[in-house]
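Chain and residue survey
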There are 2 protein chains.
Amino acid sequence: MHARMATVDGVRVLAFDTFGTVTDWFSGISAAVAATVPGVDAGEFAREWRRRYAPILAQVESGDLPWRRLDDLQTETLHAAAAMFRVDLDTDQTRRLVCAWRTIPGWPDAAPGLRRLKSGFIVAALSNATVALLVDMAKHNGFDWDVLGGSDLWRHYKPARETYCGLADLLEATPAEVMMVAAHQNDLDAARSFGLRTAFIERPMEWGVPSMQIPHSDENDLHARDLLELADQLGVP
Amino acid sequence: MHARMATVDGVRVLAFDTFGTVTDWFSGISAAVAATVPGVDAGEFAREWRRRYAPILAQVESGDLPWRRLDDLQTETLHAAAAMFRVDLDTDQTRRLVCAWRTIPGWPDAAPGLRRLKSGFIVAALSNATVALLVDMAKHNGFDWDVLGGSDLWRHYKPARETYCGLADLLEATPAEVMMVAAHQNDLDAARSFGLRTAFIERPMEWGVPSMQIPHSDENDLHARDLLELADQLGVP
């Protein structure tokens, strides 16, 4: 524990990934699919939709697609996922499903964990969602963020440098004063490459079925089961 | 009361001015001056500094000065104010005084008022301060903002259109869904000119001496003594 604390010396800001790390998108989206699209396997539909998330963001970052807000990209991937299930979604179904990302539930430890961590650190969302979506997510779940780092502030998507360094700049922090907290190793690898510290959070049920092995790196500064254990490791009562 | 409520129909966002409206800059800055600059009339010094605030922001908006963060502008006006008192401030004194704006106290009703209002509305800071300053102010005073609208998001200062409409856009709101809350009529006049609703808050002690008459307009949608009365008027328990 002492060795661990030493590596996080100087951290002032905790930057949290949101979908998957603080919220349980699978439960929220599969419930919304079940309520909105009759006759499909809601869990499989939710996973199919989510699998199309990272690739379309990468197309924006590569320049293949122009910048668009996450809701617009999610609308496009939703229709692509629906086509796989031979489903035609009308305007109202589309709106309801895209908006469902605003009210997905937090993991049970998220709201109390953020509240604890806020007493010792600046707690920031650093998300590919827009600020407006993050406001809705926070109000729905009681997340007491200090600051919302939405992708629309920088018009870039993680893992682009502009997001990690943009948040550090906004908070007048050096990259080494910011610790990225995520359940996804690629997010942490990118953050580390730009000088941030990293904390891995285990979310074995992120995809709705238990993952026996979650890929993670030994280079992460911290590794915790959830945000309450992270608070323990960071010495925040 | 019924007539009043009708005028604010559809408001989803309350956007708060910070210096003067939710915080008592006079008490905070005059105390910092007294502790940092021996032998001057701290209250007069604080007022002299503050009188130079709006004019230098206006010079940035007119294009006479390039965009700079509020701390940098406040450094310049601090030295100009100090010159009036025939005082030379060293680097440490300058840093302490400029940073004092980060920990000025909230008016007693501000933190509990914001907490009440947050249950019915999106509560946003809309300030000429930077996001980083607003984070420090919020943590120091227990302000539970939903979102921080700092001037560095838009690189513009109120009363510029980009700030009011920038916040509305960020929150996916129409201007009419946003109510500007301020103790300064010019801030509200600008907000109204861009389509926002307005609420005037009385802060007769803003300048450290009782103001018998605070200029305000009958065109404001609401007029309240403080944020608790504003919550009453908006029907938020």
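Residues numbered from 1 in each chain as written. Chains lettered and ligands numbered in written order. Predicted model: local features only at pLDDT ≥ 70, side-chain atom pairs only at ≥ 80, totals over all residues. Heavy atoms only, no water.

As recorded in an unreviewed UniProt entry, chain A goes by Putative epoxide hydrolase and comes from Gordonia rhizosphera NBRC 16068. Quoted verbatim from the Sequence similarities (unreviewed entry) field of the UniProt record, the comment on chain A reads "Belongs to the HAD-like hydrolase superfamily. S-2-haloalkanoic acid dehalogenase family." (UniProt positions renumbered as here; feature names shortened; annotations may be inferred.)

Some details on the overall build of chain A
Of regular secondary structure, chain A possesses 11 helices and 6 strands. Scaling as 2.2 N^0.38, a compact globule of 237 residues should have a C-alpha radius of gyration of about 18 Å, and chain A matches this with 17 Å. Each of the three principal axes of chain A carries a C-alpha extent, and together these read 55 × 35 × 30 Å. Buried residues in chain A amount to 57% of all 237 residues. Counting only contacts in chain A whose residues sit at least 6 apart along the sequence, the fraction spanning at least 24 positions is 65%. Here chain A displays about 9600 Å² of accessible surface, and carbon together with sulfur accounts for 53% of that area. Charge centroids of chain A, computed over 23 positive and 33 negative side chains, lie 3 Å from each other. (Helix = DSSP H or I, 4+ residues; strand = E, 2+ residues; numbered from the N terminus. Rg over C-alpha atoms; globule rule 2.2 N^0.38 Å. Buried < 20%, exposed > 50% of the residue type's maximum accessible area, 1.4 Å probe, protein only. Contact = heavy atoms within 4.5 Å. Areas by Shrake-Rupley, 256 points an atom, 1.4 Å probe, with all protein chains shown as cover. Lys, Arg positive; Asp, Glu negative; His and termini not counted. Charge placed at Lys NZ, Arg CZ, Asp CG, Glu CD.)

Section: the pattern of salt bridges
Inspection of the entire model under this criterion finds 44 salt bridges over all chains. Put simply, A:Asp146 and A:Lys118 hold a salt bridge, and the shortest N to O gap is 3.6 Å. Taken together, the residues A:Asp146 in the loop between α8 (131–141) and β3 (147–149) and A:Lys118 in helix α7 (residues 110–118) connect sequence positions 28 residues apart. Across the pair, exposure class does not vary: A:Asp146 and A:Lys118 are buried alike. For B:Glu206, the salt bridge identified is with B:Arg50, shortest N-O distance 3.5 Å. Taken together, the positions of B:Glu206 in the loop between β5 (197–201) and β6 (222–224) and B:Arg50 in helix α3 (residues 42–51) put the pair 156 residues apart, joining distant regions of the chain. The network of salt bridges with shared partners includes A:Arg69, A:Asp71, A:Asp72, A:Arg102, A:Asp136 and B:Glu172. (Salt bridge = Lys/Arg side-chain N within 4 Å of Asp/Glu carboxyl O.)

Some points on the interface of chain B and chain A
Often, the extent of an interface is quoted as the loss of accessible area upon association of its parts. Contacts between chain B and chain A engage 20 residues on the former and 20 residues on the latter. For the chain B face of the interface with chain A, the top three residues by lost area are B:Lys139, B:Leu170 and B:Glu172, together amounting to 33%. Across the chain B-chain A interface, the total number found is 6 salt bridges. Put simply, B:Glu172 and A:Arg69 hold a salt bridge, and the shortest N to O gap is 2.3 Å. Secondary-structure elements contributing two or more residues to the side of chain B that touches chain A are α8 (131–141) and β3 (147–149) of chain B. With 4 residues, the single largest contributor to the side of chain B that touches chain A is α8(B). Its residues assigned to classes, the side of chain B that touches chain A comprises 11 nonpolar, 1 polar and 8 charged. (Buried area = accessible area lost by both parts, 1.4 Å probe. Nonpolar A, V, L, I, M, F, W, Y, C, P; charged D, E, K, R; others polar.)

Concerning the sheet that holds strand β4 (residues 178–182) of chain B
All names here are of chain B. One open sheet holds the 6 strands; their spatial order is β3-β2-β1-β4-β5-β6, and the pairing between them is parallel. For this open sheet the edge positions go to β3 and β6, each flanked by a neighbour on one side alone. Taking each pair of neighbouring strands and ignoring which way they run, the sheet shows an average axis angle of 25 degrees. When β5 meets β6, the two strands line up parallel, connected through 3 bridges. (Pairing = 2+ DSSP bridges. Axes fitted to C-alpha atoms, helices over the stretch in contact; angles between N-to-C directions.)

Examining the relation of the copies chain B and chain A
Note that the two copies of the chain are related through a rotation about an axis and a translation along the same axis. After a rotation of 180 degrees and a shift along the axis of 0.0 Å, chain B superposes on chain A with an RMSD of 0.0 Å. These values place the two chain copies in the arrangement generated by a two-fold rotation axis. Nearest to the rotation axis, the C-alpha of B:Val147 is located 3.3 Å from it, this being the minimum over chain B. Both copies present the same face, since 100% of the interface residues in chain B are matched by interface residues at the equivalent positions in chain A. (Least-squares fit on C-alpha atoms with pLDDT ≥ 70 in both.)

Regarding the packing of helix α2 (residues 25–36) of chain A against helix α6 (residues 91–100) of chain A
Residue and element names in this part refer to chain A. The N-to-C vectors of α2 and α6 enclose an angle of 165 degrees; their axes lie 9 Å apart at closest approach. As far as their axial angle goes, α6 and α2 are roughly antiparallel. Every pair of crossing elements has a handedness; the one defined by α2 and α6 is right-handed. Contacts between α2 and α6 involve Ile 29, Ala 32, Val 33, Ala 35 and Thr 36 from the former and Gln 93, Arg 96, Leu 97 and Ala 100 from the latter. In terms of residue class, the contact of α2 with α6 is built from 6 nonpolar, 2 polar and 1 charged. (Parallel < 35°, antiparallel > 145°, perpendicular 65-115°, else oblique. Left-handed = near helix turned anticlockwise from the far one by under 90°.)

Some words on unusual backbone geometry
In this model, A:Lys158 is joined to A:Pro159 through a cis peptide bond whose omega is 10 degrees. Here A:Pro159 is to be found in the loop between β3 and α9 (161–170). Of note in this structure, B:Glu172 is not a glycine but carries a positive phi near 55 degrees. Mapped onto the secondary structure, B:Glu172 falls in the loop between α9 (161–170) and β4. Taking relative accessible area as the criterion, B:Glu172 reaches 32% and is therefore assigned partly exposed.

Observations regarding the side chain of B:Lys158
All names here are of chain B. Examined against the element boundaries, Lys 158 turns out to sit in the loop between β3 and α9. Here Lys 158 falls in the buried class, since its relative accessible area comes to 7%. At 3.0 Å, the side chain of Lys 158 forms a polar contact with the side chain of Asp 17. A polar side-chain atom of Lys 158 sits 2.8 Å from a polar atom in the side chain of Asp 187. The contacts of Lys 158, once residues within four sequence positions are left out, are Asp 17, Leu 126, Ser 127, Asn 128, Thr 163, Tyr 164, Met 180 and Asp 187. (Polar contact = N/O pair within 3.5 Å; in protein donor to acceptor, adjacent residues only side chain to side chain.)

Some thoughts on the pairing of β4(B)
Residue and element names in this part refer to chain B. The element β4 is extensively covered by neighbouring structure, given that 5 of its 5 residues are classed as buried. Of the two faces of β4, both are covered, the one formed by Val 178, Met 180 and Ala 182 as well as the one formed by Met 179 and Val 181. Here 4 bridges tie strand β1 (residues 13–16) to β4, and the two strands are oriented parallel to one another. The partner of Leu 14 across the bridge, within β4, is Met 179. Where β4 lies against β5, 4 bridges are found, and the strand directions are parallel.

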